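The residues making up each chain are set out below.
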Amino acid sequence: MSIAQNISQIKNDLPKAVLLVAVSKTKPNELLMEAYDAGQRHFGENYVQELVDKGIQLPKDILWHFIGHLQSNKVKYITPFVHSIHSVDSFKLLEEIDKQAKKNNRTINCLLQIYIAKEETKFGFDESDCLALLQSEEYKKLTNIKIIGLMGMASNTDNQTQLTEEFSIVKKLFDSLIEKKIVDATCFKHLSIGMSSDYQLAVKCGSTMVRVGSSIFGQRNYNTL
Ligand SMILES: *Cc1c(COP(=O)(O)O)cnc(C)c1O
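Residues numbered from 1 in each chain as written. Predicted model: local features only at pLDDT ≥ 70, side-chain atom pairs only at ≥ 80, totals over all residues. Heavy atoms only, no water.

Colleague: I tried to follow the site of the ligand on my own but got confused; where do I start?
Modeller: Around the ligand, the structure places V23, K25, N46, I67, M153, M195, S196, R211, V212, G213, S214 and R220. One of the side-chain nitrogen or oxygen atoms of N46 is found 2.7 Å away from an oxygen atom of the ligand. S196 is positioned with one of its side-chain polar atoms (N or O) 2.5 Å from an oxygen atom of the ligand. For the shell around the ligand, a count of residues per class yields five nonpolar, four polar and three charged. (Near = heavy atom within 4 Å. Polar contact = N/O pair within 3.5 Å; in protein donor to acceptor, adjacent residues only side chain to side chain. Nonpolar A, V, L, I, M, F, W, Y, C, P; charged D, E, K, R; others polar.)

Colleague: Would you explain the pattern of salt bridges in this entry?
Modeller: Opposite charge on two side chains makes pairing possible when the charged atoms of those side chains draw close. In this structure the tally under the stated criterion is eight salt bridges. Of the charged contacts in the structure, one is a salt bridge between E50 and K54, with a shortest N-O distance of 2.6 Å. Here E50 pairs with K54, and both are found in helix α3 (residues 48-57), just four residues apart, close to one helical turn. One exposure class covers both E50 and K54, and it is buried. With a closest N to O distance of 3.9 Å, K99 and E96 form a salt bridge. In this pair, K99 and E96 both sit in helix α5 (residues 91-103), three residues apart, roughly one turn of the helix. (Salt bridge = Lys/Arg side-chain N within 4 Å of Asp/Glu carboxyl O. Helix = DSSP H or I, 4+ residues; strand = E, 2+ residues; numbered from the N terminus. Buried < 20%, exposed > 50% of the residue type's maximum accessible area, 1.4 Å probe, protein only.)

Colleague: Help me understand the packing of aromatic side chains in this model?
Modeller: Note on aromatic pairs: each is described by the distance of the centres and the angle between the planes. Across all of its chains, the model carries two aromatic pairs by this definition. Ring plane angle 45° and centroid distance 5.9 Å describe the contact between F43 and W64, whose orientation is recorded as tilted. Here the residue F43 occupies a position in strand β2 (residues 42-45), and W64 occupies one in strand β3 (residues 63-66), the gap between them amounting to 21 residues. Among the residues examined, W64 registers a relative accessible area of 3% and is labelled buried. Aromatic side chains F174 and F188 sit 5.0 Å apart centroid to centroid with 25° between the ring planes, which places their arrangement in the stacked category. Taken together, the positions of F174 in helix α8 (residues 160-179) and F188 in the loop between α8 and β7 (190-192) put the pair 14 residues apart, joining distant regions of the chain. When its relative accessible area of 7% is taken as the criterion, F174 is described as buried. (Phe/Tyr/Trp six-rings, centres within 6.5 Å; stacked < 30°, edge-to-face > 60°.)

Colleague: How do you make sense of unusual backbone geometry when you look at a structure like this?
Modeller: Most peptide bonds take the trans configuration, and most residues that are not glycine carry a negative phi. Phi is positive for N105, which is not a glycine, with a value near 55°. As for its position among the elements, N105 is in the loop between α5 and β5 (108-114). One non-glycine residue, K181, lies in positive phi territory at about 60°.

Colleague: Looking at this structure, I do not really get the pairing of β2. What am I missing?
Modeller: Consecutive side chains of a regular strand alternate in pointing toward one face of the sheet and then the other. Alternating positions in β2 separate into two faces, H42 and G44 on one and F43 and E45 on the other, with burial throughout. Bridging between strand β1 (residues 19-23) and β2 involves two bridges; their strand directions are parallel. Each residue of the ladder has a partner; that of V23, found in β2, is G44. Read as a crossover between parallel neighbours, the route from β1 over helix α2 (residues 29-37) to β2 is right-handed. (Pairing = 2+ DSSP bridges. Right-handed = clockwise from strand over helix to strand, strands pointing away.)

Colleague: What is the right way to read α2 from this model?
Modeller: Residues separated by three or four positions in an α-helix point in the same direction, a consequence of the helix having 3.6 residues per turn. Residues L32, A35 and Y36 constitute the buried set of α2. Take α2 and look down its axis: the buried residues cluster within an arc of 105°, on one side only. Facing away from the buried side of α2 by over 90 degrees, the exposed positions are E30 and D37. Structurally, α2 contributes buried residues whose contacts are with α1 (3-13), β2, α3, β3 and α10 (214-217). (Arc of directions from axis to C-beta. Contact = heavy atoms within 4.5 Å.)

Colleague: Honestly, α1 in this entry has me stumped. Any pointers?
Modeller: Here α1 has its buried residues at I3, N6, I7 and I10. Summarising the axial view, the buried residues of α1 lie within an arc of 95°, below the 170-degree limit, and thus occupy one face. For α1, the elements touching its buried residues are β1, α2, α9 (199-204), β8 (209-212) and α10.

Colleague: Looking at this model, I keep getting lost on the nonpolar core. Mind explaining?
Modeller: The nonpolar side chains of a soluble globular protein tend to be buried with one another. Core analysis: the largest hydrophobic core is formed by 64 residues, its most contacted members being L134, L150 and L177. Setting aside residues no more than four positions away along its own chain, L150 makes contact with L111, L112, I114, C130, V170, L173, F174, L177, F188, H190, L191 and S192. (Core = buried A, V, L, I, M, F, W, Y, C linked by side-chain atoms within 4.5 Å.)

Colleague: How do you make sense of the environment of D158 when you look at a structure like this?
Modeller: As for its placement among the helices and strands, D158 is situated in the loop between β6 (145-152) and α8. Judged by its relative accessible area of 68%, D158 falls in the exposed class. Remark: the alpha-carbon pair of D158 and I108, spanning 50 residues in sequence, is separated by 34 Å.

Given below as structure tokens:
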């Protein structure tokens, strides 16, 4: 199947309100252009240098989502053009995004990454750190970031019960932040959960953004995962 066919099949599967972010890490520009020519505009990348290169080389109306682990010292390279950052996992990082966004006269959409997997290799806040951040005075001083939601990465398993449990952790937190008015519900709208292997389940668990790579572009070499 072609990339265009893959995208159209996935879109048929998704409710209209769920945004498809095409995860194009490690894939060459030609493949991204196939997706682009099929109408795809939201792309997700994991590596700063790769995103910067693609941002220069590819059409300017692409909306770039940064979804990988981000080091504070590299934030400045992507803030001039990135659309949103899904993987905010510390206050220090959020502060740096705010600072660099200010320099660029921009407001950057951010999602807080919540730790939901039973795997030590994944990053993110737990519930109490997330609450503490959103209620802190330091956070209220940030002017050039907008928290638009939460992101979660489930364990690498096909155990549906476990995946449902993990997605439910972040969905419950998402709902309770809105219910308790800890976040501004006019912009806090997104739950970024679901990848190639689990996006259908993630949608059932309340996803509004799925991040799908290999089901669109094919498998990646595992050493460049
Ligand atoms: C690579 C990656 C994806 C996409 O994974 P696939 O299994 O190829 O769909 C989604 N989210 C994050 C954070 C990733 O690093």
